[in-house]
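A structural walkthrough
The residues making up each chain are set out below.
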Amino acid sequence: MDVMSSTIRELLVKAEQTYGAQDAFRYKVKTEDGEGGKKVAVAGKTYTELKEDSERFSAALAQLGEIKSHIALLGATSYEWIVSYMGIANSGSVAVPLDAQLPAEALCELLDRADVTTLVFDEGKAQVAEMAQQACPKLKHLISMKEESKVGGAIAFWKLLKEQQPGYAYEPLPEELATIMFTSGTTGKSKGVMLTHQNLAENATCLDMRIEPHTVLLSVLPIHHAYCLSMDILKALSTGAVICINDSLLRVAKNIKLFEPNMVLMVPLMIETLAKKLEEAAWMPAALVKAKVFGKQFHTVCSGGAYLNPAYIETFKRYGITILQGYGMTECAPVISTNLSWNSKIGSVGKLMPNCEAKTVNEELWVRGSSVMQGYYHMPEETAEALQDGWLKTGDLGYVDEDGFVFLTGRKKNLIITPNGENVSPEEIENRLGEDRLVQEVLVREREGVIEAEIFPDYEYASKKKIKDVQAKLQEVIDRYNKEAPLYKRVFKLTVRETEFEKNTTKKIIRTQ
């Protein structure tokens, strides 16, 4: 049961008071096996340890003179990353989570644009830290998340903590800035989204999703992502969950067996990959497949970040697994709507959050509420374009029905305007074509006055099904779609790719303008 909180500090204090000695986090560690080798074990940290360690980190920042400062975080999900984030936000400073997959030059640019004065980094990103020392004149301190660092002048995270006492008790105001989070974007320059304590804390706690205390959750998404930070971390902590840290996307299957989670947050690409594996085992009893792949205890997948084909919801249902499709954007901290196991609609991205209202203006969805950002950092023109009288223009085409459920039809900036003035949403066509098993990735655009579909087929599937002429088979898919589509929405050109589309770090196809 969630208890509404208006600051991250309030959320953490309530969670520690309620679940103190219970594990908040579990993660893999390597230990000696007694024979000169290493073995993998599971370590845990309690809610009390999380609160006290984060207070120690706040005190360390105060000692460094880094209060009311902008402090960046760079690395994969780890206990140290989360302690640092809590310590930063709850000391009155501003956390700047960065995408660890970006090139070093791009990261240095973001550090500079966000006025970062301290960088907390994972040792895997030591080269970036060294470059930042030279390239970012505002940078004063480097903190390594490990015991020792290869980077000259870097302070060791655990050494810092050992020098401090818990009890640092700054109380941030709800309207105080907590985080600057850069959008990944599929077009254009990334923007620094300014999110307050209220934005993040209320987004995480305003909706009771009936997540039972002690629910085991496996965190697999990148932690710099608003969806992961809000749901995997803040939401989970507010409900007394046990958050298990996945150490690699290549080991998700192994880690599911190791940690035995009840639920996982995923993006649609992950769900599609799992669905294809389930499809291959369709001849086996569903209960046996579920026990082997997920474990009998597994029951929920939360999906967000992109469109999910509703057919996958039915696929997982056969195995006793509920997929809860939601919708959001970084600018809304991030959840705008979500389906619930007891309250959902097929084809909808869920019911509006209790702290959010919406309206449709010229087919575009606008939202307003306590989760909406303050604006974009040092980008007044872009802020003025995105916000109007407290309303956030989402850029998504859609509407809200009489029951408060959100339905989306596409992105405003991707609209195709046909020669006779008709508006065509490429996403609508992409979703329809993507329903065919042969279509792995598809991008629909206007090319030379007609609608073109560029498709990367599932060559592995084509091989299994002995499809020799892939181009002809894809043309059949398009012909079937065209028969049902009005003339102005028909696809007149097909391009077949040999390689996957270029994607951003959140695995969305980059659309060239």
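Everything below is about the structure shown above.
Figured I'd write up the structure that's included with this text.

Parameters at a glance
- Residues numbered from 1 in each chain as written.
- Predicted model: local features only at pLDDT ≥ 70, side-chain atom pairs only at ≥ 80, totals over all residues.
- Heavy atoms only, no water.
- Helix = DSSP H or I, 4+ residues; strand = E, 2+ residues; numbered from the N terminus.
- Rg over C-alpha atoms; globule rule 2.2 N^0.38 Å.
- Buried < 20%, exposed > 50% of the residue type's maximum accessible area, 1.4 Å probe, protein only.
- Contact = heavy atoms within 4.5 Å.
- Areas by Shrake-Rupley, 256 points an atom, 1.4 Å probe, with all protein chains shown as cover.
- Lys, Arg positive; Asp, Glu negative; His and termini not counted.
- Charge placed at Lys NZ, Arg CZ, Asp CG, Glu CD.
- Phe/Tyr/Trp six-rings, centres within 6.5 Å; stacked < 30°, edge-to-face > 60°.
- Lys NZ or Arg CZ within 6 Å of the ring centre and 35° of its normal.
- Axes fitted to C-alpha atoms, helices over the stretch in contact; angles between N-to-C directions.
- Parallel < 35°, antiparallel > 145°, perpendicular 65-115°, else oblique.
- Left-handed = near helix turned anticlockwise from the far one by under 90°.
- Nonpolar A, V, L, I, M, F, W, Y, C, P; charged D, E, K, R; others polar.
- Polar contact = N/O pair within 3.5 Å; in protein donor to acceptor, adjacent residues only side chain to side chain.
- Pairing = 2+ DSSP bridges.
- Core = buried A, V, L, I, M, F, W, Y, C linked by side-chain atoms within 4.5 Å.

A few words now on the overall build of the chain. Helix and strand content of the chain: 16 helices and 27 strands. Relative to the 2.2 N^0.38 estimate, which gives 24 Å for 513 residues, the radius of gyration of the chain is 24 Å and therefore close to what a compact globule would have. In terms of principal-axis extent, the alpha carbons of the chain reach across some 70 × 60 × 45 Å. For the chain, buried positions account for 57% of its 513 residues. Considering only contacts in the chain between residues 6 or more positions apart, those separated by 24 or more positions represent 65%. In the structure as shown, the chain presents an accessible area of about 22800 Å², 51% of it carried by carbon and sulfur atoms. Separation of charge centres in the chain, based on 60 positive and 69 negative side chains, amounts to 5 Å.

By the definition in use, this model includes 11 aromatic pairs. With a centroid separation of 6.3 Å and 20° between ring planes, the pair formed by tyrosine 27 and tyrosine 79 is classed as stacked. Here the residue tyrosine 27 occupies a position in strand S1 (residues 23–32), and tyrosine 79 occupies one in helix H3 (residues 79–89), the gap between them amounting to 52 residues. Residue classification places tyrosine 27 among the buried residues on the basis of a relative accessible area of 17%. Across from the ring centre of tyrosine 376, 5.3 Å away, lies the NZ or CZ of lysine 191, which sits over that ring. Sitting over the ring of tryptophan 342, arginine 210 keeps its end group 3.7 Å from the ring centre.

Residue position: valine 406 is located in strand S22 (residues 406–411). On the accessibility criterion, valine 406 (0% relative accessible area) is buried. Between the C-alpha atoms of valine 406 and isoleucine 336, which are 70 residues apart in sequence, the distance is 9.0 Å. What valine 406 contacts, discounting residues up to four positions off in sequence, is Tyr327, Ser337, Ser348, Val349, Gly350, Leu352, Leu365, Tyr399 and Val400.

Here we come to unusual backbone geometry. The residue after alanine 333, namely proline 334, is reached through a cis peptide bond having omega -10°. When you line up the elements, proline 334 lands in the loop between strand S14 (322–328) and strand S15 (335–338). Despite not being glycine, alanine 333 shows a phi value in the positive range, around 65°. Secondary-structure assignment places alanine 333 in the loop between S14 and S15. The exposure class assigned to alanine 333 is buried, which follows from its relative accessible area of 0%.

Running from N to C, helix H4 (residues 104–113) and helix H5 (residues 126–135) point in directions that differ by 50°, and their axes come no closer than 10 Å. As the angle between them shows, H4 and H5 are arranged oblique. As for the relative orientation of H4 and H5, their crossing is right-handed in sense. Across the interface between the two elements, Ala104, Glu105, Leu107, Cys108 and Leu111 of H4 pack against Val128, Met131, Ala132 and Ala135 of H5. Looking at the contact of H4 with H5, its residues break down into 8 nonpolar, no polar and 1 charged.

So, on to the environment of lysine 345. For lysine 345, the position within the fold is in the loop between S15 and strand S16 (351–352). A relative accessible area of 25% places lysine 345 in the partly exposed class. Through-space distance from the C-alpha of lysine 345 to that of alanine 59 is 47 Å; in sequence the pair is 286 residues apart. Beyond its immediate stretch of four places on either side in the chain, lysine 345 contacts Asn339, Asp401, Asp403, Phe405 and Phe407. Of note is the side chain of lysine 345, whose polar atom sits 2.6 Å from the side chain of aspartate 401.

Taken in spatial order, the 3 strands make up an open sheet running S25-S26-S27, and their pairing is mixed. Two strands in the sheet have a free side with no partner beyond their single neighbour: strand S25 (439–447) and strand S27 (493–496). Across this sheet, the average inter-strand angle for adjacent strands is 25°, counted without regard to direction. With 8 bridges joining them, S25 and strand S26 (residues 450–457) adopt antiparallel strand pairing. Bridge pairing in S26 links glutamate 441 to phenylalanine 456. Sheet contacts for helix H16 (residues 470–484): S25, S26 and S27; angle to S27, the most-contacted strand, approximately 140°.

Counting 108 residues, the largest nonpolar core has Phe25, Phe57, Tyr85, Ile233, Leu237 and Phe316 as its most contacted members. At 9 residues, helix H8 (residues 226–238) tops the list of elements feeding residues into this core. The residues touching phenylalanine 25, leaving out its near neighbours within four places in the chain, are Ala43, Gly44, Lys45, Leu50, Tyr79, Ile82, Ile233, Leu237, Ile243 and Ile245.

Strands sit in the order S2-S1-S11-S10-S12-S13-S14-S15-S16 across an open sheet of 9 strands; the sheet is mixed. In the strand order of this sheet, the two ends are held by strand S2 (38–46) and S16, each with one partner. Packed on one face of the sheet, helix H2 (residues 47–63) meets S1 and S2 and runs near 80° to S2.

From the geometry alone we can't say anything about function, so treat these as descriptive.
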